[in-house]
Amino acid sequence: MIFLKLGGSLLTDKTTPEAVRVDVLRRLAGEIAAAREAAPGMRLLLGHGSGSFGHVAAARHGTRAGAGTADAWRGMAEVADAAARLNRRVVAALLTAGLPALSLAPSASAACRDGQLADLSAGPVGAALNAGMVPVVYGDVAFDADRGATIVSTEEVLAYLAPALLPGRVLLAGEVAGVLGAAGAVIPHITPENLSTIADALGASRGTDVTGGMDTKVRAMLNLAAATPGLHVRVFSGLVPGLLREVLLDRARPGTLITA
């Protein structure tokens, strides 16, 4: 069982609203298809960030912080539509590559309390996996019992689904070679023991990201690794042609490893 996240900064130019890196998306879809063909038994849950689609809209409307007025609810709907537009592009590329990709919007079942994901239906994801499909989730809007509305990140969705699906690996493909230290070099291994020594080097995302930068993602993945016995998280670049296929097949172990 593998969880794969394609970062929003990998799929889009996060400094330009709704700018898809079409060639990158097409190549990544082909590499995923090639890996699945080489390993037919691979169970794969794919998630992707919202990049310059959902994040830009969410920042404009302040949806992460909540909703309570007619304008704010309209904003929530616009953010959902923006995130879904990128999702449709991603799923179309996967289908074109020959993958049985099925979009499962988190907003259809997610329930939050004060910005934290409290409930999400895992049943459709499990059913899709059992059918040999590739379920696709993404960062999305959600109703919130305290705030009215909020945003749930892809990492939060994956972390919520992990106890039910028990992945052995979580792969985070972005635009950088791994988690970078203060000198710009890749940090090979992050654990709770060395987090304090590298925390100052973990910065914000390039471009708009309403769910936080690398520091937020690293801490979330450490918590997930601690809660999932034997889990390995790997952060690496999706811009290197052929690397995603090799990582999926466990033939290459680039970037940063995060474990408990």
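Residues numbered from 1 in each chain as written. Predicted model: local features only at pLDDT ≥ 70, side-chain atom pairs only at ≥ 80, totals over all residues. Heavy atoms only, no water.

Student: Sorry if this is basic, but what is going on with the sheet that holds strand S12 (residues 256–258) here?
Tutor: Through backbone hydrogen bonds, the strands of a sheet pair up, either in parallel or in antiparallel fashion. Within the open sheet, the eight strands sit side by side as S3-S6-S2-S1-S9-S11-S12-S10. Their pairing is mixed. Every other strand in the sheet has two partners, leaving strand S3 (101–103) and strand S10 (189–190) as the edge strands with one partner each. Relative to strand S2 (residues 44–48), strand S1 (residues 2–6) is paired through five bridges, and the arrangement is parallel. In the strand pairing of S2, Lys 5 is matched with Gly 47. (Pairing = 2+ DSSP bridges. Helix = DSSP H or I, 4+ residues; strand = E, 2+ residues; numbered from the N terminus.)

Student: Please explain a nonpolar patch on the surface as it appears in this structure.
Tutor: On the surface, a cluster of nonpolar side chains totalling about 180 Å² of accessible area is made up of Val 176, Leu 180 and Val 186. Val 176 gets classed as partly exposed once you look at its relative accessible area, which sits at 33%. (Patch = residues over 30% accessible without salt bridge, like charges linked within 9 Å, V, L, I, M, F, W, Y side chains within 5 Å. Areas by Shrake-Rupley, 256 points an atom, 1.4 Å probe, with all protein chains shown as cover. Salt bridge = Lys/Arg side-chain N within 4 Å of Asp/Glu carboxyl O. Buried < 20%, exposed > 50% of the residue type's maximum accessible area, 1.4 Å probe, protein only.)

Student: So what exactly am I meant to see when it comes to the nonpolar core here?
Tutor: Where a protein is soluble and globular, its nonpolar side chains tend to be buried together. Counting 35 residues, the largest nonpolar core has Leu 4, Leu 6, Ile 32, Leu 94 and Leu 248 as the members making the most contacts within it. Contributions of two or more residues to this core are made by S1, helix H1 (8–11), helix H2 (22–38), S2, helix H4 (70–96), strand S6 (134–138), strand S9 (169–174) and helix H9 (243–248). When residues in this core are grouped by element, the largest group, seven residues, is from H2. Setting aside chain neighbours within four positions, we find Leu 94 in contact with Ala 29, Ile 32, Leu 46, Leu 99, Ala 101 and Val 136. One finds Phe 3, Val 125, Val 152 and Val 233 within the second-largest nonpolar core, a separate group that totals 33 residues. (Core = buried A, V, L, I, M, F, W, Y, C linked by side-chain atoms within 4.5 Å. Contact = heavy atoms within 4.5 Å.)

These figures capture arrangement, not role.
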